[in-house]
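# Per-entry structural report
Given next are the chains, with one letter for each unit.
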Amino acid sequence: MLTLATDLDALTRFGRALADPIRCRLLLALREAPAYPSDLAEALGISRTRLSNHLACLRDCGLVVAVPDGRRSRYELADPRLGHALDDLRTAVVAVAEDSTCPDAEKKGCC
């Protein structure tokens, strides 16, 4: 039985998913269109085994779903609003990256 995540749980899951560059690339690819694992592995240049592990993580986080399509499964974002959230985060990060208000950013490697 599926249950709705609390706000904190949802943000934690989203953060966990975004903590890995391959999962970020997967989410961005699925933001463009649903895809089959073989196509995703080829597009990202990773093995099917590695891709499978990352897709399992994203499924467990509730961010992607596997949609049966005959003998195959196609992956897509669990909710279209996730695509909008990714766009918002991406542009917000770009805006922050261009803001050099932190005087120690270069020295500390932050911001």
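In this report, we go over the structure that sits alongside the text.

Reading the values: the criteria
Residues numbered from 1 in each chain as written. Predicted model: local features only at pLDDT ≥ 70, side-chain atom pairs only at ≥ 80, totals over all residues. Heavy atoms only, no water. Helix = DSSP H or I, 4+ residues; strand = E, 2+ residues; numbered from the N terminus. Buried < 20%, exposed > 50% of the residue type's maximum accessible area, 1.4 Å probe, protein only. Lys, Arg positive; Asp, Glu negative; His and termini not counted. Salt bridge = Lys/Arg side-chain N within 4 Å of Asp/Glu carboxyl O. Phe/Tyr/Trp six-rings, centres within 6.5 Å; stacked < 30°, edge-to-face > 60°. Lys NZ or Arg CZ within 6 Å of the ring centre and 35° of its normal.

### Regarding the side chain of arginine 23
Summarising the element assignment, arginine 23 is placed in helix α2 (residues 21–32). Buried charge without a partner: arginine 23 forms no salt bridge, and the closest opposite charge is aspartate 20, 4.3 Å away.

### Side note on the pattern of salt bridges
In total, this model carries six salt bridges according to the counting rule given. Its salt-bridge partner being aspartate 79, residue arginine 81 comes within 2.6 Å of it at the nearest N-O pair. Classification of arginine 81 by relative accessible area gives exposed; the value is 61%. In this structure aspartate 79 comes out as partly exposed when scored by relative accessible area, which is 23%. Note that aspartate 87 is salt-bridged to arginine 90, the shortest N-O span being 3.7 Å. Within this pair, aspartate 87 and its partner arginine 90 are both found in helix α5 (residues 80–98), separated by three residues, close to a single helical turn. Taking relative accessible area as the criterion, aspartate 87 reaches 25% and is therefore assigned partly exposed. Put simply, Arg31, Glu32, Asp87 and Arg90 are held in one network by salt bridges that share partners.

### Observations concerning the packing of aromatic side chains
Counted by the stated rule, this structure contains zero aromatic pairs. Directly above the ring of tyrosine 36 sits arginine 72, whose terminal nitrogen or CZ lies 3.7 Å from the centroid.

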